[in-house]
Amino acid sequence: EVRLVESGGGLVQAGESLTLSCVVSGFTFKDYGVGWFRQAPGKESEGVACIHSVGYDEPFYANSVKGRFTISSDSAKGTVYLRMTNLKPEDTAVYFCAANKFYSRTAASWEYWGQGTQVTVSS
């Protein structure tokens, strides 16, 4: 059974950093890519970053977070991380970890999802 569990969300001030974790089980990084999505109130889900998608060697980042967020993984721990720096109020959202074999910018295309973790950035 494929499972993904996010953690690490919280309340921070603008300019600070936060690291999210996604513990995965039921698959290996050779079979599925793992991505981070976020959804703020009144907005559609936004793809943030993705790693290990089949056929891709480099991670993907949304333009809105490029240079500030870093996605990484630890195969031995079965964990994917999202290191967020220089956080801005507009980064406030529920962050979801998702898994899918192929990369897609469309959230609906991703097969497996965690339950999300709240990130709130105050100004």
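Above this note sits the structure.
Residues numbered from 1 in each chain as written. Predicted model: local features only at pLDDT ≥ 70, side-chain atom pairs only at ≥ 80, totals over all residues. Heavy atoms only, no water.

Colleague: Please provide a residue-by-residue account of the state of the cysteines, values included.
Modeller: Put plainly, two cysteines are in a disulfide when a covalent bond ties their sulfur atoms together. Evaluated as defined, the whole model comprises 1 disulfide. With its sulfur 2.0 Å from that of its partner, Cys-22 forms a disulfide with Cys-97. Looking down the S-S bond of the Cys-22 and Cys-97 bridge, the torsion is -85°, so its handedness is left-handed. Of this pair, Cys-22 sits in strand E3 (residues 18-25) while Cys-97 sits in strand E9 (residues 93-100), and the two are 75 residues apart along the sequence. Each member of the pair, Cys-22 as well as Cys-97, carries the same accessibility label: buried. Not part of a disulfide, Cys-50 finds its nearest cysteine sulfur in Cys-97, a span of 9.8 Å. On the accessibility criterion, Cys-50 (2% relative accessible area) is buried. (Disulfide = S-S within 2.5 Å. Helix = DSSP H or I, 4+ residues; strand = E, 2+ residues; numbered from the N terminus. Buried < 20%, exposed > 50% of the residue type's maximum accessible area, 1.4 Å probe, protein only.)

Colleague: Can you lay out the pattern of salt bridges for me, pointing to particular residues and giving the numbers?
Modeller: The final tally for this structure, using the stated rule, is 3 salt bridges. Ionic pairing is found between Asp-91 and Arg-38, a salt bridge with its closest N-O pair at 2.8 Å. Taken together, the residues span a long stretch of sequence, with Asp-91 in the loop between strand E8 (79-84) and E9 and Arg-38 in strand E4 (residues 33-39) at a distance of 53 residues. Of the two residues, Asp-91 and Arg-38, neither departs from the other in class, the shared state being buried. Arg-68 is the salt-bridge partner of Asp-91, the closest N and O atoms lying 2.8 Å from each other. Taken as a pair, Asp-91 in the loop between E8 and E9 and Arg-68 in the loop between strand E6 (60-61) and strand E7 (69-74) lie far apart in primary sequence, 23 residues in all. Like Asp-91, the residue Arg-68 is buried in the burial classification. (Salt bridge = Lys/Arg side-chain N within 4 Å of Asp/Glu carboxyl O.)

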